[in-house]
Amino acid sequence: MSSKQKHTWERFTFSERMARFTVFLGFAVALAVSLRTVEVIPEFLYDAPTQVADLLTRMWPMDLGYYREGIHEAMVETLHIASLGTLLAVVMAIPVGIMGANNIIQIPLLNWLAKLILVSSRSVNSLVWALLFVAIFGPGALAGTVCIGFRSVGFVGKLFAEALEEADPGPIEALTAAGAPWPSIFLKGYWPQVAPAFWGIFLFRWDINVRESAVIGLVGAGGIGMVLDTALNLFYWDRVSVILLSIFTVVILAELLVTNIRKRII
Amino acid sequence: MTTVTKQEYGSPFRINWWARAGWLIAVLYVMYAANYLDVSLTRFIQGLGNGAAFLGEMVPPNFARWKLLVGNLLETVEIAVIASAFGVLFSLPVGLLAARNLMPPWITWPARTFVALCRSFHPVIFAILFVKAVGFGPLAGILTLIFASIGFIGKLFAEAIEEISLKPVEALRAAGAPFISVIIYAVFPQVQNRFIGFSSYQFDANLRNSTMVGIVGAGGIGGTLFAAFQRFDYDFLAAILISIIALVMVSEFISIRIKKVFQ
């Protein structure tokens, strides 16, 4: 005789629920503490609507004629900085990515070193990188290009290392068994497997870099940002609005381009 | 009798002319763009000398003003926490309005345009505008990162909602449930886990960006960093950079732990 047992269905175990609760509680406490201690001056907030209205009236009408005089050339420079910087990042990311993939290089110390390089590149913001390279190379497009390159290594290298780690070991074992040298193993074993992912990462990062290279000029690293900085310092708000509009247009066009190419290659 | 059949596979290592042409174009482009930007090897090598001097001044890092450093780092974290909380809160309705399978086109279009606008400007541009609107200080940084969060989470959340199964939605609608119940019982349970994932990712991104918004005066450690640059105070600069990297690494570690909790 089977007695009817009472089952209560629970989606999570007790410890899982406690862990979730702890996360939410921790965040709530952090938020409460932050809201109490952060220094916000309320008068500035009350003043904000007038300031915004003032800003908008100064921005309108736009000085559209300025595009031809000052913006176009800087915009082309920005696009070159983004593309050249992304290429530089790829050149640097391939060795670092290989070093970070623990199925290719089986030396924990090197894996760890690669991880450190990648994390440092990603945690330092692009503007901070730009400041560093402006201090080293002086203001101009060279600092911007190197900045974009160093900033993107972390992103490209991390995703490239992950793609390499996911590669199917079958072809690689076959090549190793046939006695292929290391360059052949990489070019014919790994590369065909990771190439689509690699081009996808490249395009994605180029899209991000178009956005970033538009602002690094604010600290002197070339491109449209320098024009924006000048307009801001001189309070030419009608020029600022044209610059913002052209950045917006270029960013949207870049995104459309990347989405279309990605659809075809993946 | 054995018949030998020979099959032609072609060379496995045949030359891909398209790929070669692509590499050639890439090399030509690099030469053209480097020339256009006036990037040359001599300038680069000159810069390397400066870089060595620069690194020399950065070592050893100067942690003497650690009180200022800790105070600034705390403000950075506070900006990130507040901005993430409000950003997530606001991106819920925006994402919902932008989902094309639940809303009519005349609602989704404005919502999608708003999200695209939030996303296409770099946070520092928002920071400049908010510094003008609400003055110097962390409030401008918070507002900046709220907009950046809406741009990112709003888009991904709308995409997640567009991928849900519509069966529970139909079932609830057929049963005559009001709109709010449809959202709470049919839509939200399907996207909850992904939403938490996006939020924790965005918190990381906000923390990184809140170290930068100070450069234009919007609070956090960026202001001190920029001042250290302008005063050529490179050993203190090294200390700031090391503490920023450490902060980001700690937050990455925490967010990996949090993701494990919600798997």
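Residues numbered from 1 in each chain as written. Chains lettered and ligands numbered in written order. Predicted model: local features only at pLDDT ≥ 70, side-chain atom pairs only at ≥ 80, totals over all residues. Heavy atoms only, no water.

Examining the overall build of chain A
Consideration 1: Of regular secondary structure, chain A possesses ten helices and zero strands.
Consideration 2: Ordered by position in the sequence, the α and β elements of chain A form the string α-α-α-α-α-α-α-α-α-α.
Consideration 3: Taking 266 residues into account, the globule formula puts the C-alpha radius of gyration at 18 Å, and chain A, at 26 Å, lies well above it.
Consideration 4: Taken over the C-alpha atoms alone, chain A extends approximately 80 × 65 × 35 Å along its principal axes.
Consideration 5: Looking at chain A residue by residue over its 266 residues, the buried ones come to 46%. (Helix = DSSP H or I, 4+ residues; strand = E, 2+ residues; numbered from the N terminus. Rg over C-alpha atoms; globule rule 2.2 N^0.38 Å. Buried < 20%, exposed > 50% of the residue type's maximum accessible area, 1.4 Å probe, protein only.)

Describing the domain arrangement of chain A
Consideration 1: Under the domain assignment, chain A is made up of domain 1 (10–41) and domain 2 (64–265).
Consideration 2: Spacing between the C-alpha centres of domain 1 of chain A and domain 2 of chain A amounts to 35 Å. (Domains from an automatic or database assignment.)

Brief notes about helix 5 (residues 126–137) of chain A
Each α-helix turn comprises 3.6 residues. Residues three or four places apart therefore point the same way.
Residues and elements named next belong to chain A.
Consideration 1: Along its twelve residues, helix 5 runs 16 Å from first to last C-alpha, staying within 8% of the 16 Å computed at 1.5 Å per residue.
Consideration 2: Along helix 5, eleven of the twelve residues are buried, which leaves the element largely enclosed by surrounding structure.
Consideration 3: Among all positions of helix 5, only Ser-126, Leu-127, Val-128, Trp-129, Ala-130, Leu-131, Leu-132, Phe-133, Val-134, Ile-136 and Phe-137 are buried.
Consideration 4: Gly-138 sits one or two residues past helix 5 and shows a positive phi near 85°. (Expected span 1.5 Å × (residues − 1).)

Points about the domain arrangement of chain B
Consideration 1: Assigned domains within chain B: domain 1 (17–58) and domain 2 (66–261).
Consideration 2: Distance between the C-alpha centres of domain 1 of chain B and domain 2 of chain B: 35 Å.

Let's talk about helix 5 (residues 123–134) of chain B
Consideration 1: Under the 1.5 Å per step criterion, the end-to-end length of helix 5 of chain B is 16 Å for twelve residues, consistent within 8% with the ideal 16 Å.
Consideration 2: Phi turns positive one or two residues past the end of helix 5 of chain B, at Gly-135 of chain B, with a value near 80°.

Description of the pattern of salt bridges
Consideration 1: For the structure shown, the criterion picks out 15 salt bridges over all chains.
Consideration 2: With a shortest N-O distance of 3.3 Å, Glu-162 of chain B and Arg-112 of chain B are connected by a salt bridge. On the criterion of sequence distance, the pair formed by Glu-162 of chain B in helix 6 (residues 138–162) and Arg-112 of chain B in helix 4 (residues 105–120) is long-range, its members being 50 residues apart.
Consideration 3: Accessibility expressed as a relative area gives 25% for Glu-162 of chain B, which makes it partly exposed.
Consideration 4: Overall, Arg-112 of chain B belongs to the partly exposed group, its relative accessible area being 27%.
Consideration 5: Because the salt bridges share partners, they merge into one network encompassing Asp-207, Arg-211 and Glu-255 of chain A together with Arg-119 of chain B. (Salt bridge = Lys/Arg side-chain N within 4 Å of Asp/Glu carboxyl O.)

A short note on the interface of chain A and chain B
Consideration 1: Taken residue by residue, the interface counts 65 residues in chain A and 58 residues in chain B.
Consideration 2: When chain A packs against chain B, close to 5700 Å² is buried across both sides, 77% of that on carbon and sulfur atoms.
Consideration 3: Linking chain A with chain B are three salt bridges, by the criterion used here.
Consideration 4: Close ionic contact of Arg-119 of chain B with Glu-255 of chain A constitutes a salt bridge, the shortest N to O distance being 2.7 Å. (Contact = heavy atoms within 4.5 Å. Buried area = accessible area lost by both parts, 1.4 Å probe.)

Concerning the packing of helix 3 (residues 66–98) of chain B against helix 10 (residues 234–261) of chain B
In helix packing, the relevant descriptors are the interaxial angle and the interaxial distance, both defined with respect to the helix axes.
Residue and element names in this part refer to chain B.
Consideration 1: Orientation of helix 3 relative to helix 10, taken along the N-to-C sense of each, is 40°, at an axis distance of 11 Å. Put simply, helix 3 runs oblique to helix 10. At the point where helix 3 passes helix 10, the crossing takes the right-handed sense. Here Leu-68, Leu-69, Leu-73 and Val-77 of helix 3 lie close against helix 10, whose contacting residues are Phe-236, Ala-239, Ile-240, Ser-243 and Leu-247. (Axes fitted to C-alpha atoms, helices over the stretch in contact; angles between N-to-C directions. Parallel < 35°, antiparallel > 145°, perpendicular 65-115°, else oblique. Left-handed = near helix turned anticlockwise from the far one by under 90°.)

Focus: the side chain of Glu-212 of chain A
Consideration 1: One can find Glu-212 of chain A in helix 8 (residues 182–213).
Consideration 2: What makes Glu-212 of chain A buried here is its relative accessible area of 7%.
Consideration 3: Here Ser-126 of chain A takes part through its side chain, which lies 3.3 Å from a polar atom of the side chain of Glu-212 of chain A.
Consideration 4: Discounting residues that sit within four places of it in the chain, Glu-212 of chain A has contacts with Ser-126, Ile-148, Arg-151 and Arg-205 of chain A together with His-122 of chain B. (Polar contact = N/O pair within 3.5 Å; in protein donor to acceptor, adjacent residues only side chain to side chain.)

What to know about empty space enclosed by the protein
Consideration 1: In the structure shown here, the tally under the stated rule is three cavities of 30 Å³ or more.
Consideration 2: Of the voids in this model, the largest cavity is the one considered here, and its volume is about 40 Å³.
Consideration 3: Taken together, Glu-39, Val-40, Ile-41 and Phe-44 of chain A together with Val-134, Phe-136, Gly-137, Pro-138 and Leu-139 of chain B make up the full set of residues lining the largest cavity.
Consideration 4: Approximately 40 Å³ is the volume found for the second largest cavity.
Consideration 5: In terms of lining, the second largest cavity is formed by Met-75, Thr-78, Val-210, Ala-214, Ile-247, Val-250 and Val-251 of chain A.
Consideration 6: Secondary-structure elements contributing two or more residues to the lining of the second largest cavity are helix 3 (66–100) and helix 10 (237–265) of chain A.
Consideration 7: Here the residues of the lining of the second largest cavity are counted per class, giving six nonpolar, one polar and no charged. (1 Å grid on protein atoms, 1.4 Å probe; cavity = no way out; pocket = protein on both sides within 12 Å on 5 of 7 lines; lining within 4 Å. Points joined across faces, edges and corners; volume = space filled by probe spheres on them. Nonpolar A, V, L, I, M, F, W, Y, C, P; charged D, E, K, R; others polar.)

Description of the side chain of Thr-224 of chain B
Consideration 1: Checked against the element boundaries, Thr-224 of chain B lands in helix 9 (residues 221–230).
Consideration 2: With residues up to four places along the chain from it excluded, the contact list for Thr-224 of chain B reads Leu-68, Asn-72, Phe-236 and Ile-240 of chain B.

Re a nonpolar patch on the surface
Residue and element names in this part refer to chain A.
Consideration 1: Residues Phe-14, Met-18, Phe-21, Leu-25, Val-29 and Val-33 make up a contiguous nonpolar surface patch of about 600 Å² in total accessible area.
Consideration 2: Structurally, Phe-14 is set in helix 1 (residues 14–37).
Consideration 3: Judged by its relative accessible area of 59%, Phe-14 falls in the exposed class. (Patch = residues over 30% accessible without salt bridge, like charges linked within 9 Å, V, L, I, M, F, W, Y side chains within 5 Å. Areas by Shrake-Rupley, 256 points an atom, 1.4 Å probe, with all protein chains shown as cover.)

Here's the deal with the environment of Ala-178 of chain A
Residues and elements named next belong to chain A.
Consideration 1: Along the chain, Ala-178 falls in the loop between helix 7 (169–177) and helix 8.
Consideration 2: The exposure class assigned to Ala-178 is exposed, which follows from its relative accessible area of 67%.
Consideration 3: Spatially, the C-alpha atom of Ala-178 lies 23 Å from that of Ala-195, the residues being 17 residues apart in sequence.

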